[in-house]
Each structure stands twice: as C-alpha cells, then as structure tokens.
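For reference, the chains in residue letters:
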Amino acid sequence: MPVLRARVDDPEVPYGGFMEAINPASGEHGEMLRKLFRKLDERGWARIMLGLTEEDVQRVVRAALVIVGGETGVVLALDDAHHADARTLGLLEYLADSAARVLLVLGHDPLNGSPRLAALLAKTRNPDATERLARIFELPPDRAGYRLTRREATVLEGVAQGLTDDTIADRLAISPRTVHRRLRHVSRKLGTETEDREVVVELAKSAGLLPGED
C-alpha cells in the first residue's frame, strides 16, 4: 500500500502538508501523479492549489490519492496535524467522509489541537487499525526514529553545507523561520533538543543521514 508522508510545519500556509505529500515532483509515486498534473511544477502546483475553491481542492486531492492508491488504497500520514489550518482540516474532513480508500494517519499534540481536530479524530478513530498500521510502517528498530520528510532532509543537507537559514530559505522558497522549525524537527528525531547546528550535523552523520568524513 503506497504511503504519502508530510508534516504541517507552517500553520500559515494553507494545504502546506498536502502540497508536500502529493506534490507531483515528490516521492516514489511522483510519476503517477505527473500523469494527472503533468503541466505543473512545484511552484505552479502551489499557486494553483491556493487559487482554487476549497471544494475544487478537495476533489483534486481525492482524485490524486485515488490514482496513487489504485486497488489497494493509500495511506496519508500527516504529522503535526495540530498545526493544521482551517482549509487543511476541511480537506481532512472531506477525505474522512468520502468513499475513497484513503487511510488517514494523523500525528498530533492533543494539548495544542483545536476542537475541530479533536472532533475529527474522535469520529474517525479506528482501534482495529493498529496492527495494520504496524505492518505498513514497520522499520528496523535502529532506524525508526530517523525517518525524515523530503523537506527536512533538504534543510539538513543545507545546514551540513554550512548554508545560513536565509540562504536555505531562498533556495526552497520558504521562510527562515520554517527552515529553523524543520531543523528543530530533525534534532528531535535524532533524540535531542539541541539547536547547535554542528551537533545536529554530527548526530545525523552517526545516524547515517549524512555522509561521514572521508
């Protein structure tokens, strides 16, 4: 079953997590999505997504997920869902209510989530899905905590190259604040709260996320 992963790391960007998860240029399922969005590059996708009505976006995303999932369905894993903006929550509600074979996996902080997110989780929670999810997301124990999103990996590579937050932000067309937030996510996945960039880079090398010294 295909798995699309993303993180809602900027609540000020509508649909940000979804654009990362199903962007035609990202992930191993990119070729399938390019057939549907062949004329869109990453920035074009973002512009068009933000120019559509909520109903249009919901239909487009559902269609994309149906194509990716095929007969087996698809898993959409969205981390930090407590940061989700109103449009993203509306899209999640639409997917939960639709007949599409989409298994939603939402990572969230229950202390910071909105009542709307809590209502969605209560409505869609499925205790019987635990074993199924364990099989889908099974990883070697020593690597389980190191799964980075595409954006986190790109930020980490930039930091390892000695680039500043501003330079990385310019290259990725995001804000320096978002760069800092993504690096903090990497740090936490490596088991630390440090903001020392050199320490994070060394830990990433030890974890095999970056090449070591020759």
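As annotated in an unreviewed UniProt entry, the chain carries the name HTH luxR-type domain-containing protein and is attributed to Actinosynnema pretiosum subsp. pretiosum.

(A) View of helix α8 (residues 150-160). Residues R151, E152, V155, L156, G158 and V159 constitute the buried set of α8. One side of α8 holds all its buried residues, which, seen down the axis, span an arc of 160 degrees. Two residues or fewer past α8, G162 is found with a positive phi of approximately 85 degrees.

(B) Local environment of the packing of α8 against helix α11 (residues 197-206). Where α8 contacts α11, the axes come no closer than 10 Å and their chain directions differ by 115 degrees. As far as their axial angle goes, α11 and α8 are roughly perpendicular. Judged by the twist between their axes, the crossing of α8 over α11 is left-handed. Between α8, through L156, V159 and A160, and α11, the contact on the second element is made entirely by R197, V200, V201 and A204. For the contact of α8 with α11, the class distribution of residues is 6 nonpolar, no polar and 1 charged.

(C) Focus on the packing of helix α4 (residues 54-69) against helix α5 (residues 86-97). Remark: α4 packs on α5, axes separated minimally by 10 Å, with the N-to-C direction vectors making an angle of 50 degrees. Compared by their axis directions, α4 and α5 come out oblique. By crossing handedness, the relation of α4 to α5 is classed as right-handed. Contacts from E54, V57, Q58, R59, V61, R62 and L65 in α4 reach R87, G90, L91, Y94 and L95 in α5. Of the residues in the contact of α4 with α5, the class split is 6 nonpolar, 2 polar and 4 charged.

(D) Quick look at the pairing of strand β2 (residues 74-79). For β2, the buried fraction is high: 5 of the 6 residues fall into the buried class. Taken together, the 5 bridges between strand β1 (residues 3-7) and β2 define a ladder with parallel strand orientation. Note on β2: the bridge partner recorded for A6 is L78. In this sheet, strand β3 (residues 102-106) lies alongside β2 in parallel orientation, the contact comprising 5 bridges. By the bridge assignment for β3, V74 is matched with V102.

(E) Here's a closer look at the confidence of the model for the chain. Across the chain, the average pLDDT comes to 75, with 72% of residues at 70 or higher. Element-level pLDDT for the chain is lowest in helix α7 (residues 130-136), with a mean of 51, against a maximum mean of 91 in helix α9 (residues 165-172). In this model, residues 136-145 is a region of pLDDT below 50 whose contacts with residues beyond four sequence positions or in other chains number 15 contacts.

(F) Representation of the pattern of salt bridges. Scanning all chains against the criterion turns up 4 salt bridges. In this structure, the salt-bridge partner of E202 is K205, at a minimum N-O distance of 3.8 Å. Of this pair, E202 and K205 both sit in helix α11, separated by 3 residues, roughly a single helical turn. Judged by relative accessible area, E202 falls into the partly exposed class, the value being 45%.

(G) Here's a closer look at the nonpolar core. Core analysis: the largest hydrophobic core is formed by 24 residues, its most contacted members being F18, L65 and L106. Taken together, the elements giving at least two residues each to this core come down to β1, α4, β2, α5, β3 and α6 (115-124). Core analysis: the next-biggest nonpolar cluster, separate from the first, contains 17 residues, L148, V155, V179 and A204 among them.

Cut-offs and rules
Residues numbered from 1 in each chain as written. Predicted model: local features only at pLDDT ≥ 70, side-chain atom pairs only at ≥ 80, totals over all residues. Heavy atoms only, no water. Buried < 20%, exposed > 50% of the residue type's maximum accessible area, 1.4 Å probe, protein only. Helix = DSSP H or I, 4+ residues; strand = E, 2+ residues; numbered from the N terminus. Arc of directions from axis to C-beta. Axes fitted to C-alpha atoms, helices over the stretch in contact; angles between N-to-C directions. Parallel < 35°, antiparallel > 145°, perpendicular 65-115°, else oblique. Left-handed = near helix turned anticlockwise from the far one by under 90°. Contact = heavy atoms within 4.5 Å. Nonpolar A, V, L, I, M, F, W, Y, C, P; charged D, E, K, R; others polar. Pairing = 2+ DSSP bridges. pLDDT = per-residue confidence, 0-100. Salt bridge = Lys/Arg side-chain N within 4 Å of Asp/Glu carboxyl O. Core = buried A, V, L, I, M, F, W, Y, C linked by side-chain atoms within 4.5 Å.

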